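# Close look at the chain arrangement
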Amino acid sequence: MKQNYNYICNIFYYSMISGKFAITLHILTLLSKYPDDYLSSEFIAGSVNLNPVLVRKEIANLKKNNIVESKEGKNGGTKLSKSTSKISLNDIFKLTFDEMTLGFGKNEPNPKCPVGKEINSNLEELYKKVNTSISNELSAITLEDFSNKF
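Being a predicted model, the structure only gives us computed values, none of them experimental. (Residues numbered from 1 in each chain as written. Predicted model: local features only at pLDDT ≥ 70, side-chain atom pairs only at ≥ 80, totals over all residues. Heavy atoms only, no water.)

### Some details on the packing of aromatic side chains
In total, this model carries three aromatic pairs according to the counting rule given. A centroid spacing of 6.2 Å and a plane angle of 65 degrees characterise the contact between Phe 21 and Phe 93, whose relative ring orientation is edge-to-face. Here Phe 21, found in helix H2 (residues 20–33), pairs with Phe 93, found in helix H5 (residues 89–96); they are 72 residues apart in sequence, far enough to count as distant. On the basis of relative accessibility, which here comes to 1%, the residue Phe 93 falls in the buried class. (Phe/Tyr/Trp six-rings, centres within 6.5 Å; stacked < 30°, edge-to-face > 60°. Helix = DSSP H or I, 4+ residues; strand = E, 2+ residues; numbered from the N terminus. Buried < 20%, exposed > 50% of the residue type's maximum accessible area, 1.4 Å probe, protein only.)

Written out as structure tokens, the structure is:
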């Protein structure tokens, strides 16, 4: 399991340059450590080392998907609205990306070339397998499992 976990982490590191999954997972892990508290976006941003406006964007997506709840005001902030044992890393992945792709060539391949005419369909098949593998691995890890590492 640990070897697969490291493999999945490496895939995320190299293929998800934007870091959206990592940021969302960071936010949720931080919230899991303070289950009874509403954390401000400034506090969360301090942990992630990100602008609070960007943190609020991610929180809005989590709120829209009923993962967190928010409260306004002096003692306001955000906290988890679901148990960490009921949130899989695959759930989080699906909130941040429809699927993982390593991309396609910028130019349309030559349809007269034996490789060019089939490269994109073979890449699509490969990416479907990779996504199934990622989904299966991430489904087996809950936010609780991940949070327990800290």
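### Regarding the pairing of strand E1 (residues 68–71)
For a regular strand, side-chain orientation follows a simple rule: the groups alternate between the two sheet faces. Both E1 and strand E2 (residues 77–80) contribute to a ladder of four bridges, which runs antiparallel. Residue pairing in the sheet places Lys 71 in a bridge with Gly 77 of E2. Between E1 and E2, which pair antiparallel in sequence order, lie five residues; one of them, Gly 73, sits at a positive phi of approximately 110 degrees. (Pairing = 2+ DSSP bridges.)

### Quick notes on unusual backbone geometry
Despite not being glycine, Asn 49 shows a phi value in the positive range, around 65 degrees. Of note, Asn 49 is situated in the loop between helix H3 (41–48) and helix H4 (52–64). The exposed category is assigned to Asn 49, whose relative accessible area is 69%. One non-glycine residue, Asn 66, adopts positive backbone phi at about 60 degrees. Note on placement: Asn 66 falls in the loop between H4 and E1.

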